[in-house]
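Architecture and fold: a report
Given next are the chains, with one letter for each unit.
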Amino acid sequence: MKNKGFSIIELLVAISFVSVIIILILAMGSFNSKILKMNEDRISAFFNASEAMEAMRVFDWNELNSGQYYPYLSGNSWQLAMGSELLAGRYSRWIDIEDVYRENYSNGHVYGQIVTSGGYLDPDTKKVSVIVNWPFAGAIEEERISTYLHRWRAERLSQEDWSGGAGQESGVYADRFFSSDWGIDVSFSGMVTLRSGFLNWNNGTTTAFYNLPGTASPTDIFQSGNKVYIVSSNNNAGPEFYIFDVSDIYNPILLGTREVGSTINAVKVKGDYAFLASASNSAEVLILNISNPYSITVVASYDLSGSDDALDIAVNESQLYVMRSNRLYSFDISNPASPIFLHDLAISTTARSIFLAGSYIYVASNASSREVQVFNVINPANMEAAGIYNLPGSIDARDIYVYGNRAYVSASANSDREFFVLDVSDPYNIMFLGSYERGVNVDNFTVVGPYALLAANSSSEELTVIDVSFPATINKAAGYDWEGYIRAMTANCSNIYALTSNTGREFVIFSTEETDCGYASAGVLESSTFDTGVDQVVYNWIAWSGVWPVGTQIRFQLASSSNNDGPWNFVGPDGTNSSYYTQSAQEFINYNHHLNQRYFRYKLFLESSSSLEVPLLEKVTISYSNQ
């Protein structure tokens, strides 16, 4: 008979197995207990580190000196002490404050990427690390939190209106200044420029005319320096693009032409390139290289979706804006030979004309309740609607021009007025300043100095000159009867360059023949005294906006003092009176020369080596930080 019980060996194996299981269970429990304890320690350490980091954010900048510290509460406020502290008998906590170095240095200011070795000390940035460590299982565990603290507190002083005039010692009124010389003109709010000479519009006369080839109608004209650029409708018997030398207003010389094969509705020129708004269904935007007027080439074209014609165009140094009937398009033209589409957005009903001024596009349209529309293009890749203005009556806006803080708008015939002056100092809140009754459609116009030149759809007085110095009381200066109505025009000084409907003289030069109407070659303006409000101050940068054509210049110098009454020693970026701030986009101010000088002034220098063009300053901004 077989033994059905356990053998001694089997019993020992069973006991061993059970023992191993028990040992594993006990070991696992011990391990889990250690994990739990380690997690509890790390959570506690993280809490202590976070508490210290939050405390660091309330300290005054002047307390953040490099070294090792720990925070402690004194009453209801945090304080810093040198060294480290022990929390709950086992956690050591301290704070490391370190200097920060960056890769670039200019004029006392440090900027660029943070570097771990070399570089330049950044006085406005500190690296703060909170370290908490504790013993665990014969080793030292650590929790570390790091961040950068910055001294961001910067103030800005901006001035964008000088029309209040001279004589102000302290900057109480935002539209005034201390002094200027004879070359400065501040008659228009929102800008300062060079003074123009005398114009007597009663002496106007035609000095020359030119018969363009073929039967095409001229559509637009642009003048820059001694050259005039003309475009026309599709010309089966000749070109649609022309360049004239008009240095002699009695004998314009045709320099070059270009056949493009379609109607061109508008032209703008910047540097060596002409930008065209075309009626072509496959190339609404055309860009020509005109560096050699005798050999003009098409360097780029762009096909916009749809079949609407491009009607108007505007450009600045790096962007192009083109308008079709009810849409506005933006392009990057940093490389004119390769325009890059950025954005488009809708315009209410049909637009007729656009004008680019600073960071805004102004649109003249036939919308019954928003004949004037403004779009913010500070980010051309994301244009946005800004302000609107409803012209009185049932009229269409025909043309628009912006100069300083004023927008000028012409319109179709109305019961009492067809020309308007608006205040656009705030493009989101446009205000009425004045108007003028012409009695007929004013299809286009231009502004030169204090005058607006109106192209009236009339058979007896196609050109009307009005003085718009005081918009509330606009007065007529002169009127002229031309042979054919004016399709488009531009002007400088005493000369008008116009395109007419007369098939024998499509291009006309009209002048007052004044010899002293040129602009001043230079002018200087000194600002009022501005008070930063503190004795410990750092001046950061100066920036400005405006227009400075080729041959013109805008420059600045700064003076600072610890006394409201000066003295005022104007210097440039190298700390001497022989240097000038010439970069419009946030040029660094000399750090050491103006350090801890509570009061400051700026001096503006405008210059022009061209008798026909002047610089125009619209806004100056100076950034400073209270230490």
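Residues numbered from 1 in each chain as written. Predicted model: local features only at pLDDT ≥ 70, side-chain atom pairs only at ≥ 80, totals over all residues. Heavy atoms only, no water.

Turning next to the overall build of the chain. Counting its regular elements, the chain contains one helix and 46 strands. Scaling as 2.2 N^0.38, a compact globule of 627 residues should have a C-alpha radius of gyration of about 25 Å, whereas the chain reaches 36 Å, well beyond that. For the chain, the C-alpha atoms occupy an extent of roughly 135 × 85 × 50 Å along the three principal directions. Per-residue burial for the chain yields a buried fraction of 48% across its 627 residues. The contacts of the chain with a sequence gap of at least 6 include a subset with a gap of at least 24, amounting to 55%. Of the roughly 28600 Å² that the chain leaves accessible, carbon and sulfur atoms contribute 49%. Averaging the coordinates of the 37 positive side-chain charges in the chain and doing the same for the 66 negative ones gives two points 10 Å apart. (Helix = DSSP H or I, 4+ residues; strand = E, 2+ residues; numbered from the N terminus. Rg over C-alpha atoms; globule rule 2.2 N^0.38 Å. Buried < 20%, exposed > 50% of the residue type's maximum accessible area, 1.4 Å probe, protein only. Contact = heavy atoms within 4.5 Å. Areas by Shrake-Rupley, 256 points an atom, 1.4 Å probe, with all protein chains shown as cover. Lys, Arg positive; Asp, Glu negative; His and termini not counted. Charge placed at Lys NZ, Arg CZ, Asp CG, Glu CD.)

As a further point, take the environment of tyrosine 120. Secondary-structure assignment places tyrosine 120 in strand β6 (residues 120-136). Note on tyrosine 120: relative accessible area 40%, which makes it partly exposed.

Right, let's talk about the sheet that holds strand β27 (residues 372-376) for a bit. Within the open sheet, the four strands sit side by side as β25-β26-β27-β28. Their pairing is antiparallel. Each having just a single partner strand, β25 (351-357) and β28 (384-389) make up the two edges of the open sheet. For this sheet, the mean inter-axis angle between neighbouring strands, taken without regard to orientation, is 25°. Two strands pair when backbone bridges link them, and β27 and β28 are joined in this way by four bridges, in the antiparallel orientation. Considered in β28, the bridge of glutamine 373 is made with isoleucine 388. (Pairing = 2+ DSSP bridges. Axes fitted to C-alpha atoms, helices over the stretch in contact; angles between N-to-C directions.)

Below, the discussion takes up the pattern of salt bridges. For the coordinates displayed, the defined rule picks out 21 salt bridges. Residue glutamate 317 is joined to lysine 270 by a salt bridge in which the shortest nitrogen-to-oxygen separation is 3.8 Å. You can see glutamate 317 sitting in the loop between β21 (312-315) and β22 (319-323) and its partner lysine 270 sitting in strand β17 (residues 264-270), a full 47 residues away along the chain. Lysine 270 sits in the partly exposed class, given a relative accessible area of 32%. For arginine 555, the salt bridge is made with glutamate 607, and the minimal N-O distance between the two is 2.3 Å. Here glutamate 607 lies in strand β45 (residues 599-608) and arginine 555 lies in strand β43 (residues 552-561), a separation of 52 residues in the sequence. (Salt bridge = Lys/Arg side-chain N within 4 Å of Asp/Glu carboxyl O.)

With that settled, consider the packing of aromatic side chains. Tallied over the full model, the rule gives 24 aromatic pairs. Between phenylalanine 244 and phenylalanine 507 the ring centres are 5.0 Å apart and the planes differ by 50°, which places this aromatic pair in the tilted class. In this pair, phenylalanine 244 sits in strand β15 (residues 241-245) while phenylalanine 507 sits in strand β39 (residues 507-511), placing the two residues 263 residues apart along the sequence. You'll find phenylalanine 244 and phenylalanine 507 in the same group, each marked buried. Residues phenylalanine 530 and phenylalanine 600 carry aromatic rings whose centres are separated by 5.5 Å and whose planes lie at 35° to one another, so their mutual orientation is tilted. Of this pair, phenylalanine 530 sits in strand β41 (residues 530-531) while phenylalanine 600 is found in strand β45, placing the two residues 70 residues apart along the sequence. Given a relative accessible area of 11%, phenylalanine 530 falls into the buried group. (Phe/Tyr/Trp six-rings, centres within 6.5 Å; stacked < 30°, edge-to-face > 60°.)

What follows deals with unusual backbone geometry. Residue glycine 566 is joined to proline 567 through a cis peptide bond whose omega torsion reads 10°. For alanine 88, which is not glycine, the phi dihedral falls at a positive 55°. Its location among the elements puts alanine 88 in the loop between β3 (85-87) and β4 (91-106). A positive phi angle, close to 55°, is found at glutamine 586, a residue other than glycine. Within the secondary structure layout, glutamine 586 lies in the loop between β43 and β44 (587-588). Look at glutamine 586 and you get partly exposed, because its relative accessible area is 44%.

The next thing to look at is the sheet that holds strand β34 (residues 451-456). Pairing between sheet strands relies on hydrogen bonds along the backbone, with the strands arranged either parallel or antiparallel. Reading across from one edge, β33-β34-β35-β36 is the order of the four strands in this open sheet, with antiparallel pairing throughout. The sheet terminates laterally at β33 (442-448) and β36 (475-480), the two strands that pair on one side only. Here the average twist between neighbouring strands, direction ignored, is 20°.

Keep in mind these numbers describe shape, not what the thing actually does.
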